Amino acid sequence: MSLDRRALLRGGMSLGALTLLTGCDLSDNDAVQGLLARFSAWNDRVQAALFNPNKLAPTFADSAAVKDFRYNAWYGPENAPALSAADYRLNLAGLIANKKPWTVDQLYALPQESQVTRHVCVEGWSMIGKWTGAPLRTFFERIGADTTARYVGFECADGYYESMDMATALHPQTIMAFKLSDEILPRKYGYPFKIRVPTKLGFKNPKFVTTIFVTNQRPHGFWTDRGYNWYSGI
Amino acid sequence: MSDTTETDVVVVEAAELEVLEHAWPVRLTHWVMAASIIIMIGSGWRIYNASPIFPFSFPVPITLGGDVDVALTWHNDPGVASAIQWHFAAMWLLAVSYLLFVLWGALSGHFWRDFLPVGPASFLRDFIAAARFKLEHHLGEYNAVQKVFYWGALALVLLMLVSGVAIWKPVQSYPLELLFGGFQGARIVHFLGMAGICGFIVVHVALVVLVPKTFVAMVVGRVTGHAHGSSTEHRP
């Protein structure tokens, strides 16, 4: 046979028209949304099974840590909550034996360690930073949290809220980060502390935490309520 | 001279018996792979736009992930959440259909029978012929360019699956990302693999448009006749 260039052009054009017709409204269809949500729930289970509580996220040399870490939120840094050490209290709720609120001084007196790990954003960018703080596991021992419970939830001063599975909360690299680049966590990065969890995507690292609660009912998450996968492990 | 007559008859019969067949596992996995790859490319472009690695973005109307204004209004999200849901749903369809396609192709003999032998010499010969629009097409026979393209497409999908795992699970799969020069390297490889698959799709679909019977065969399973035109057409 000899190839027919006109047939090629004609066919190509009708294919182009087809892709335009299928358009983007499909994603907004309720049935499609339901199907995608079921896949997302399946992905939650797969990720929990893939999570190895003993596997550490890769760590890097101090020199690899970025000094001017990227600011990221849905509001500008000028609108970040300005919490004062004098007024701040960390509230505890749910399956915790001692729910007495904690002051900044008490928190900062906890035993701390440093990590140079990579923050991976759901959008695809990544950045290595140096964080210092207390392992959440240590804090849970101090407050008598029921570590056999399934979930940990966080509420934040900026209206943000997040949650994660207990296995990840107890991971040795999951810390209450009081410092970034060896300096007390600046206001825009979440003063007085943020949860730094290098085994999860960036949005699972809540800032300006004001309440921590332990529960068996899976709590919500700010971005999860907006369609992002809840587990979001990496 | 009866010998000559016999031979002629055989040639004519052979010409009329051109058959292209696809077993049902090939057709089923082909179409599931096709659909999931289209979904992955469309949603992948939307995800790419959230944090482009090259100095360009994809026009939103050709990406998959719902109406951006709706997402911004209701969810304060630039339509990336839906794109990621599509991407991480279709990845299962692609992985499973690809695995079944490869298993069936290897175990049934389809790959060894139809995609081999192939080498640089035959590829070059057929490529030059194709570029000059002089390549002969016969139903049921794969030329060297096709064979190389099919092997290439299979390799590219494997590359996408592996680099995809490195991006999806950079901690749990570590040090897999080092194969690609790190996490950001894996993103670049994943992008280039996508570009290669897009190139394959353009050529693949263009050839199907030129020989529509191959499309029919991939749907119903079997066609006879010639690659082009009616079955009474004479072969040179």
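Further up the page is the structure itself.
Residues numbered from 1 in each chain as written. Chains lettered and ligands numbered in written order. Predicted model: local features only at pLDDT ≥ 70, side-chain atom pairs only at ≥ 80, totals over all residues.

Section: the overall build of chain B
And then number 1: Secondary structure summary: chain B contains nine helices and two strands in total.
And then number 2: Along its sequence from the N terminus, chain B presents helices and strands in the succession α-β-α-α-α-α-α-α-α-α-β.
And then number 3: The buried share among the 236 residues of chain B stands at 31%.
And then number 4: Sequence separation of at least 24 residues holds for 60% of the intrachain contacts in chain B that already meet a minimum separation of 6. (Helix = DSSP H or I, 4+ residues; strand = E, 2+ residues; numbered from the N terminus. Buried ≥ 20, exposed ≤ 12 C-beta atoms within 10 Å, placed from the backbone. Contact = placed C-beta atoms within 7 Å.)

With respect to the sheet that holds strand β4 (residues 151–156) of chain A
Residues and elements named next belong to chain A.
And then number 1: An order of β1-β9-β4-β5 is seen for the four strands of this open sheet, with the pairing classed as mixed. For this open sheet the edge positions go to β1 (91–94) and β5 (161–165), each flanked by a neighbour on one side alone. The average undirected angle you get between the axes of adjacent strands in this sheet is 20°.
And then number 2: Looking at chain direction, β1 and strand β9 (residues 209–215) are connected through four bridges and run parallel. Note on β9: the bridge partner recorded for Gly-94 is Val-214. (Pairing = 2+ DSSP bridges. Axes fitted to C-alpha atoms, helices over the stretch in contact; angles between N-to-C directions.)

Some remarks on the interface of chain A and chain B
And then number 1: Between chain A and chain B, the residue contacts involve 39 residues of the former and 37 residues of the latter.
And then number 2: Contributing elements (two or more residues each) for the side of chain A that touches chain B: α1 (5–22) and α2 (30–50) of chain A.
And then number 3: Per-element accounting of the side of chain A that touches chain B gives the leading share, six residues, to α1(A).
And then number 4: Classifying every residue of the side of chain A that touches chain B by side-chain character gives 20 nonpolar, 13 polar and six charged. (Nonpolar A, V, L, I, M, F, W, Y, C, P; charged D, E, K, R; others polar.)

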